[in-house]
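Understanding the architecture of this molecule
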Amino acid sequence: ALLPEPKPEKIPELPERKWMVLYIDPPWKYEVDLSEGATRSPENNYPVMDLEKLIKFGEKVKKISHTDCTLFMWITAPKLNWMNDVLEAWGFDYKTNLIWDKIKPNMGHYSSVRHEILIIAGKGKCAPACSGIDIQSIDSVQSIEKSARHSEKPIEFMDIIDKLYPEYEKIELFSRFQGKRTKWTFWGNEINE
């Protein structure tokens, strides 16, 4: 069977303004073939970025991030070794993380990897802008069944971000979201498909 052609790298310009909340699902490049002929490999679904490209992308992230800013960044277990380099290049300090339990088994090299990690990082004043009761109502592990669409993240994580920062404008980079959402801007080469 023929593999699908990779999507062309058409990166739109970022809006010229600053946000206090960034939600980013970087297109991590993997050094190994994650699947033989299947659509699971990221390169078969969208243009990917190696560590050098992600570090360079930090120039753009810095231009759109406010002095006081919180970053929510998706990362998979095999890419944890890149996390500090990316955060440093983007100007953020690691704070904590949330875990997405995808419920169903997934492909992996050492185990069935059914989780993904949402890193929370910040710079300046970045503490949640909600009550302590709201903060304590958010479980650090979210068990939400994954969709069939490659790399699609559950909308519930946007709900969590809205709960933590209810009044802030937010931007999602490398978005795959197809709808409209109050106080959100979406950027990426797949949002208008």
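Above this text is the structure in question.
Let us look at the structure shown here. (Residues numbered from 1 in each chain as written. Predicted model: local features only at pLDDT ≥ 70, side-chain atom pairs only at ≥ 80, totals over all residues. Heavy atoms only, no water.)

A word on the packing of aromatic side chains
- The full count for this structure, using the stated rule, is 13 aromatic pairs.
- Seen in terms of ring centroids, Trp100 and Phe157 are 6.4 Å apart; in terms of plane orientation they differ by 65°. Their pairing is edge-to-face. In this pair, Trp100 sits in strand 3 (residues 93–101) while Phe157 sits in helix 4 (residues 156–164), placing the two residues 57 residues apart along the sequence. When sorted by exposure, Trp100 lands in the same class as Phe157, which is buried.
- What links up through ring pairs into an aromatic cluster is the set Tyr23, Phe177, Trp184 and Phe186. (Phe/Tyr/Trp six-rings, centres within 6.5 Å; stacked < 30°, edge-to-face > 60°. Helix = DSSP H or I, 4+ residues; strand = E, 2+ residues; numbered from the N terminus. Buried < 20%, exposed > 50% of the residue type's maximum accessible area, 1.4 Å probe, protein only.)

Re the nonpolar core
- Core analysis: the largest hydrophobic core is formed by 30 residues, its most contacted members being Leu22, Leu71, Met73, Trp90, Phe92 and Leu173.
- Elements with a minimum of two residues in this core: strand 1 (19–24), helix 1 (51–64), strand 2 (65–75), helix 2 (83–90), strand 4 (115–123) and strand 6 (170–173).
- Ignoring anything within four residues of it in the chain, the contact list for Leu173 reads Leu14, Tyr23, Ile24, Asp25, Phe57, Val61, Ile64 and Trp187.
- Counting 20 residues, the second largest nonpolar core, distinct from the first, contains Leu98, Ile138, Phe157 and Ile161. (Core = buried A, V, L, I, M, F, W, Y, C linked by side-chain atoms within 4.5 Å. Contact = heavy atoms within 4.5 Å.)

Some points on the layout of surface pockets
- Taken as a whole, the second largest pocket holds about 240 Å³ of empty space.
- Taken together, 17 residues line the second largest pocket, and the ones lying closest to its centre are Thr96, Ile120, Pro128, Ile135 and Leu164.
- For the lining of the second largest pocket, the secondary-structure elements that each account for two or more residues are strand 2, strand 3, strand 4 and helix 4.
- Ranked by residues supplied to the lining of the second largest pocket, first place goes to strand 3 with three residues.
- Its residues assigned to classes, the lining of the second largest pocket comprises twelve nonpolar, three polar and two charged. (1 Å grid on protein atoms, 1.4 Å probe; cavity = no way out; pocket = protein on both sides within 12 Å on 5 of 7 lines; lining within 4 Å. Points joined across faces, edges and corners; volume = space filled by probe spheres on them. Nonpolar A, V, L, I, M, F, W, Y, C, P; charged D, E, K, R; others polar.)

Details of the sheet that holds strand 4
- With mixed pairing, seven strands are arranged side by side in an open sheet as 5-3-4-2-1-6-7. Every interior strand has two partners, whereas the edge strands, strand 5 (141–143) and strand 7 (184–187), have only one. The sheet shows a mean angle of 20° between the axes of neighbouring strands, taken without regard to direction.
- The sheet contact formed by strand 3 and strand 4 spans eight bridges and is antiparallel. Considered in strand 4, the bridge of Ile99 is made with Ile117.
- Lying over the sheet, helix 1 contacts strand 1, strand 2, strand 6 and strand 7, oriented at roughly 135° with respect to strand 2. (Pairing = 2+ DSSP bridges. Axes fitted to C-alpha atoms, helices over the stretch in contact; angles between N-to-C directions.)

Points about the side chain of Arg181
- Among the secondary structure elements, Arg181 is positioned in the loop between strand 6 and strand 7.
- Here Asp159 takes part through its side chain, which lies 2.5 Å from a polar atom of the side chain of Arg181.
- Filtering out sequence-adjacent residues up to four positions away, Arg181 remains in contact with Ile155, Met158, Asp159, Asp162 and Phe186. (Polar contact = N/O pair within 3.5 Å; in protein donor to acceptor, adjacent residues only side chain to side chain.)

As for the pattern of salt bridges
- Within this structure, the stated rule accounts for nine salt bridges.
- Here Asp162 ties to Lys170 by a salt bridge, and the two come within 3.0 Å at their closest N and O atoms.
- Each of Asp25, Lys102, Glu116 and Lys153 takes part in salt bridges that share partners, so that together they form one network. (Salt bridge = Lys/Arg side-chain N within 4 Å of Asp/Glu carboxyl O.)

Some details on unusual backbone geometry
- The residue Phe174 is not glycine, and still its phi comes out positive at about 60°.
- Looking at where Phe174 falls in the secondary structure, it is placed in the loop between strand 6 and strand 7.
- Among the residues examined, Phe174 registers a relative accessible area of 16% and is labelled buried.
- One non-glycine residue, Lys183, lies in the positive phi region at around 70°.
- Its place among the elements puts Lys183 in the loop between strand 6 and strand 7.

Quick word on the packing of helix 1 against helix 2
- Where helix 1 contacts helix 2, the two axes come as close as 7 Å, and the packing angle between them is 30°. One finds that helix 1 runs roughly parallel with respect to helix 2. As for the relative orientation of helix 1 and helix 2, their crossing is right-handed in sense. Judged by residue contacts, Leu51, Leu54, Ile55, Phe57, Gly58, Val61 and Lys62 of helix 1 engage Asp85, Val86, Ala89 and Trp90 from helix 2.
- For the contact of helix 1 with helix 2, the class distribution of residues is eight nonpolar, one polar and two charged. (Parallel < 35°, antiparallel > 145°, perpendicular 65-115°, else oblique. Left-handed = near helix turned anticlockwise from the far one by under 90°.)

Everything listed here is a matter of coordinates, which is why it stays silent on function.
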